[in-house]
Amino acid sequence: MKKSVYEEACRKAVEMFEKAHIILTPEEKERLEVADFGLDDLEQTGLQLIVYVNTQRCCAKEMVLTPGQTCPEHRHAPIPELQYPGKEETFRCRYGTCYLYIEGEPAANPVCKPPKGSEEHYTVWHEIVLHPGEQYTMLPNTRHWFQAGAEGAVVSEFSTPSYDEYDIFTDPRIRRIPEIEG
C-alpha cells in the first residue's frame, strides 16, 4: 500500500475513534495499523486498528471499519508449535453498526455483500448485527468476517493472545501483515 493511502486511512481512523469517544494517546496514534490484506483495495477490504495490549494471557484492540469496509473471512486456528488452542475473541460495538458473519444457520436475506471479485471466498452467512453496546464472543477456529454499515463502525476486541500472522484466510491471495511503500 502506498504511504499516502496509509496516512489517509490513519486520519480517517482517528476521526472515527473521536466519534466513538475513544481517546488515543499520541503514541497510540503513531502505532495505528492499516491492514489492506495485500489486496490493494482498502476502501472495500481492510481494517484500521490499534493494539493496546497483547500478552501471553490476553489481548485488547480497537478496530475501525470505514463505511462498507470489510474484514475478510478468516479463522484463528490452533497453533500446535505454540501449544495454543486458537484465539477466542469478543467483539463489542462502540460506534456505528457492525455486521458479523459466522458459521451457523445462514441468514435468509443477509444485509451485506462480499467485496466485488472476492465473492467465492465468503462462505459463512449466519448474521449477527452489533449496535453500540452490543457484543458477541466467538470460540477459537470459528470462520468469520465482518463489515461496517453506512456510517462505519468502531469495534473493541477482547481476546486471548493474538497471533495475527497465523490467521487462516479463506482467500489465498491475502497477506495479513501490511507492506507500506514510500
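Residues numbered from 1 in each chain as written. Predicted model: local features only at pLDDT ≥ 70, side-chain atom pairs only at ≥ 80, totals over all residues. Heavy atoms only, no water.

J.: How do you make sense of empty space enclosed by the protein when you look at a structure like this?
T.: Once rolled over the atoms, a probe with the size of a water molecule shows which space is left empty. Enumeration according to the criterion identifies three cavities of 30 Å³ or more in this entry. If you add up the space inside the largest cavity, you get close to 130 Å³. Lining of the largest cavity is provided by 18 residues; of these, Leu47, Lys61, Cys71, His74 and Asp167 occupy positions nearest its centre. When contributions to the lining of the largest cavity are tallied by element, the ones reaching two or more residues are β2 (47–54), β3 (59–65), β4 (70–75), β5 (89–102) and β8 (144–159). The leading source of residues in the lining of the largest cavity is β8, at three residues. Considering only residue class, the lining of the largest cavity consists of eight nonpolar, three polar and seven charged. As a volume, the second largest cavity reaches approximately 70 Å³. Surrounding the second largest cavity, His76, Ala77, Ile79, Tyr84, Gly86, Lys87, Pro161, Ser162, Tyr163, Asp164, Tyr166 and Asp167 form its lining. (1 Å grid on protein atoms, 1.4 Å probe; cavity = no way out; pocket = protein on both sides within 12 Å on 5 of 7 lines; lining within 4 Å. Points joined across faces, edges and corners; volume = space filled by probe spheres on them. Helix = DSSP H or I, 4+ residues; strand = E, 2+ residues; numbered from the N terminus. Nonpolar A, V, L, I, M, F, W, Y, C, P; charged D, E, K, R; others polar.)

J.: Any chance you could explain the environment of valine 51 here in plain terms?
T.: One can find valine 51 in strand β2. The class for valine 51 is partly exposed, based on a relative accessible area of 23%. Taking C-alpha positions, valine 51 is 8.0 Å from leucine 32, a pair spaced 19 residues apart along the chain. With near-sequence residues (within four places) excluded, valine 51 lies in contact with Arg31, Cys59, Ala60 and Lys61. (Buried < 20%, exposed > 50% of the residue type's maximum accessible area, 1.4 Å probe, protein only. Contact = heavy atoms within 4.5 Å.)

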